[in-house]
Amino acid sequence: MISSAIRTPYLRACLNQSRTPLTRKLLFNMSARTIVTTAEVPKLSDPSLFRTGSFINDEWITSDNTFTVTDPASGKEIGKLPDLTAQDTKKAIDAASEAFKTWSQTTGKQRHDLLKKWYDLTMQHQADLGTILTQENGKPYPEAKGEVAYGASFFEWFAEEAVRSYGTVIPSHIPSQRFITIRQPVGVVGIITPWNFPNAMITRKVGAALAAGCTVVIKPGAETPYSALALAELAQRAGIPKGVINIVTTDKNVAEVGKELCTNPIVKKISFTGSTAVGKLLMSQSAGTMKKISMELGGNAPFIVFDDADVDSAVEGAIACKFRGSGQTCVCANRIYVQKGIYPLFASRLAEKVAQFNVGNGFLGETTHGPLINDKAIIKVQRHLEDAVSKGGELLTGGKHLGGNFFEPAVIAGMTNDMAIATEETFGPIAGIFQFETEEEVLKLANDTEFGLASYFYSRDIGRIWRMGEKLESGMVGANTPILSSCYTPFGGIKESGMGREGSLHGLDDYTHIKYINMGGI
């Protein structure tokens with residue numbers, strides 16, 4: 001299969017700089033399969049994890065005004081939740097402020113114990129939490145359970161960090177004075193999270209905030225709020241005091257709820273994951289009260305494969321990096337650059353692997369990739385694919401809208417810098433492959449973006465690994481690995497991909513102030 005693919009006119013043309021525009025003929029066809037979009041949703045072992053109200057001051061809140069949450073795979077209604085307002089958000093902020101008075105005075109050990117209980121309960125209910133997540137987000141059930149375990153790891157990690165929020169002793173130049181610093185929690189934190197990781201985006205923010213001694217008001221994505229509410233149910237069971245965690249659900253009123261969080265002077269910090277455009281808006285709204293800010297924003301990650309790379313490893317890495325969550329992650333490979341010498345081989349092997357994917361409902365055992373989140377995501381993916389093909393890109397496999405929110409994962413070769421994928425984050429299952437010749441050339445291409453969240457490259461040259469690792473302009477770099485995120489390592493970007501770091505020993509920094517104390521008269 002591989003050797004015959006290399007001999008096709010398409011892949012020969014890829015190496016011809018004067019080639020004419022290529023056709024849309026598929027090298028690998030995955031469309032013969034039947035796509036199953038519906039499946040029976042497993043019953044929860046603990047139905048009380050499926051909550052139907054918002055959570056404010058340890059109470060479950062209902063409202064006559066509601067919004068509907070739908071299953072992105074089947075299009076069926078999952079349920080209705082309160083569509084809360086700015087006034088409701090203010091009540092949640094007031095509850096968090098009152099709780100902060102006592103929560104901030106607890107010891108690190110006390111917070112450790114509660115976070116550890118929350119971790120244990122989360123892992124005990126991993127299967128149910130995975131079911132809720134797959135139903136509202138669409139990702140395959142094994143992937144959803146993996147997210148639950150990944151998300152829970154932040155509770156465990158920050159439980160252990162809670163007892164290690166150290167201060168310092170600074171040698172004094174004055175004999176009668178002593179200098180020390182201590183860390184103190186910033187206060188009430190407003191947390192705004194997206195739909196693509198409805199569990200983990202919350203846990204890595206809330207785990208750090210609670211460990212530091214802060215209280216929180218959370219606004220989860222309107223598409224996937226049930227995972228957040230299930231976590232709140234488990235927080236109650238763990239014994240986390242009232243008012244420490246509050247969840248405001250909304251859809252129609254998202255703008256006014258976000259503005260209340262950003263402009264209310266009681267809130268001392270905003271932590272947001274989402275688009276750069278929205279992040280800039282939230283920052284401007286927060287400027288009036290000089291809030292502390294953490295932003296994990298958009299990306300345009302380069303994935304670079306050099307001639308000396310292990311091609312099979314690079315192909316597997318590209319699959320894991322590009323197609324996890326059907327390409328709907330902020331650290332997905334968005335631009336795949338392959339050096340000229342191995343370009344035909346890499347393109348062929350990647351297309352062959354992608355053609356073997358099974359698209360379908362996340363609850364079906366054979367499904368490898370679920371739906372996109374909504375019709376807007378479908379429209380954007382189609383626009384990127386059509387733009388690339390119209391400008392000479394070659395569709396090697398996939399690329400069809402399968403109905404509803406399902407889209408065939410696609411591989412496009414012959415990519416050029418005038419195509420939309422070169423500058424826009426696709427946030428969907430399209431792997432666009434660009435060709436390059438030299439290290440200097442690809443480094444310039446990779447850094448030619450306003451974003452700087454993640455970068456990846458594959459090479460077995462130790463010198464090149466050091467050079468690329470240092471010169472790629474992103475907050476995170478994966479050298480010969482497609483996976484960057486863990487509770488042990490700092491997650492975050494530079495440039496217009498945000499500020500601040502989540503996870504790792506640095507994770508508490510954005511939720512604490514450093515206070516300097518000068519003790520005189522000694």
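All of the points below concern the structure found in this document. (Residues numbered from 1 in each chain as written. Predicted model: local features only at pLDDT ≥ 70, side-chain atom pairs only at ≥ 80, totals over all residues. Heavy atoms only, no water.)

### A short note on the overall build of the protein
A count of helices and strands for the protein gives 15 helices and 24 strands. Taking 24 Å as the expected radius of gyration for a compact globule of 522 residues, we find that the protein reaches 24 Å, a close match to that expectation. Projected onto the principal axes, the alpha-carbon positions of the protein cover approximately 80 × 60 × 40 Å. With 53 positive and 54 negative side-chain charges, the protein shows a separation of 2 Å between the mean positions of the two kinds. (Helix = DSSP H or I, 4+ residues; strand = E, 2+ residues; numbered from the N terminus. Rg over C-alpha atoms; globule rule 2.2 N^0.38 Å. Lys, Arg positive; Asp, Glu negative; His and termini not counted. Charge placed at Lys NZ, Arg CZ, Asp CG, Glu CD.)

### What to know about helix α14 (residues 439-447)
Taken residue by residue, α14 has E439, V442, L443, L445, A446 and N447 as its buried positions. Contacts made by the buried residues of α14 are with β12 (301-305), β13 (333-339), β18 (430-436), α15 (462-471) and β22 (494-495). (Buried < 20%, exposed > 50% of the residue type's maximum accessible area, 1.4 Å probe, protein only. Contact = heavy atoms within 4.5 Å.)

### Looking at the nonpolar core
Of all hydrophobic cores here, the largest spans 60 residues; its most connected members are W118, V206, L210, V216, I218, I240 and I245. Take this core: its biggest share by element is ten residues, from helix α6 (residues 141-162). Dropping the residues within four chain positions of it, I240 is found in contact with L114, W118, L210, A235 and I245. A314, V338, I342 and Y343 belong to the second-largest nonpolar core, a separate cluster that totals 36 residues. (Core = buried A, V, L, I, M, F, W, Y, C linked by side-chain atoms within 4.5 Å.)

### Re empty space enclosed by the protein
Counted according to the given criterion, the structure contains five cavities of 30 Å³ or more. Of the volumes computed, that of the largest cavity is approximately 100 Å³. Looking at the largest cavity, it is lined by 16 residues, and the ones nearest its centre are N137, K139, G325, S326 and Q328. Of the residues assigned to the lining of the largest cavity, the class counts are four nonpolar, ten polar and two charged. A volume near 70 Å³ is recorded for the second largest cavity. In terms of lining, the second largest cavity is formed by 17 residues, of which the most central are P302, F451, A454, S455 and E473. (1 Å grid on protein atoms, 1.4 Å probe; cavity = no way out; pocket = protein on both sides within 12 Å on 5 of 7 lines; lining within 4 Å. Points joined across faces, edges and corners; volume = space filled by probe spheres on them. Nonpolar A, V, L, I, M, F, W, Y, C, P; charged D, E, K, R; others polar.)

### Some words on the pairing of β18
Of all the seven residues making up β18, seven are buried; the element is thus mostly covered by neighbouring parts of the structure. The alternating pattern of β18 places I430, G432, F434 and F436 and A431, I433 and Q435 on opposite faces, both of which are buried. As paired elements, β13 and β18 share four bridges and run parallel to each other. Bridge pairing in β18 links Q339 to F436. Pairing of strand β17 (residues 410-415) with β18, which is carried by four bridges, proceeds in the parallel orientation. Bridge assignment links I412 to a residue of β18, and that residue is G432. (Pairing = 2+ DSSP bridges.)

### Things to note about the sheet that holds β17
Spatially, β14-β17-β18-β13-β12-β20-β21 is the arrangement adopted by the seven strands of the open sheet, whose pairing is mixed. For this open sheet the edge positions go to β14 (394-397) and β21 (476-479), each flanked by a neighbour on one side alone. Averaged over neighbouring strand pairs, the angle between their axes works out to 20 degrees when direction is ignored. The pairing of β12 with strand β20 (residues 454-458) spans three bridges and is parallel. Across the sheet, I304 pairs through a bridge with F457, a residue of β20. This element, helix α11 (residues 311-323), spans β12, β13, β17, β18 and β20 of the sheet and lies at about 170 degrees to β12. Docked against the sheet, α14 engages β12, β13 and β18, running at close to 170 degrees with respect to β13. (Axes fitted to C-alpha atoms, helices over the stretch in contact; angles between N-to-C directions.)

### Some words on the environment of I517
Checked against the element boundaries, I517 lands in strand β24 (residues 512-519). Residue I517 is classed as partly exposed on the basis of its relative accessible area, which comes to 28%. For the pair I517 and I182, spaced 335 residues apart in sequence, the C-alpha separation works out to 7.9 Å. With residues up to four places along the chain from it excluded, the contact list for I517 reads R178, F179, I180 and I182.

### Structural notes on the pairing of β12
The buried fraction of β12 is high, at five of five residues. Sheet topology note: the β12/β13 ladder contains five bridges and is parallel. If you follow P302 over to β13, its bridge partner there is R335. What joins β12 to β13 is α11, and the crossover it makes is right-handed. (Right-handed = clockwise from strand over helix to strand, strands pointing away.)

### Observations regarding the layout of surface pockets
The probe, sized like a water molecule, is rolled over the atoms to show the empty space still left. If you add up the space inside the largest pocket, you get close to 1,400 Å³. As for the largest pocket, its lining consists of 48 residues, of which P194, W195, E223, S275 and V278 are closest to the centre. Sort the elements by how many residues they give to the lining of the largest pocket and helix α10 (residues 276-286) lands first, with five residues. Grouping the constituent residues of the lining of the largest pocket by class yields 20 nonpolar, 17 polar and eleven charged.

### Examining the pattern of salt bridges
Opposite charge on two side chains lets them pair, provided their charged atoms get close. Enumeration over the complete set of coordinates arrives at 23 salt bridges. Here R237 ties to D46 by a salt bridge, and the two come within 2.8 Å at their closest N and O atoms. Highlighted residues: R237 in helix α8 (residues 226-238) and D46 in the loop between α2 (9-14) and β1 (54-56), separated in sequence by 191 residues. Taking relative accessible area as the criterion, D46 reaches 18% and is therefore assigned buried. Among the ionic pairs, R383 bridges to E424, the shortest N-O distance being 2.8 Å. (Salt bridge = Lys/Arg side-chain N within 4 Å of Asp/Glu carboxyl O.)

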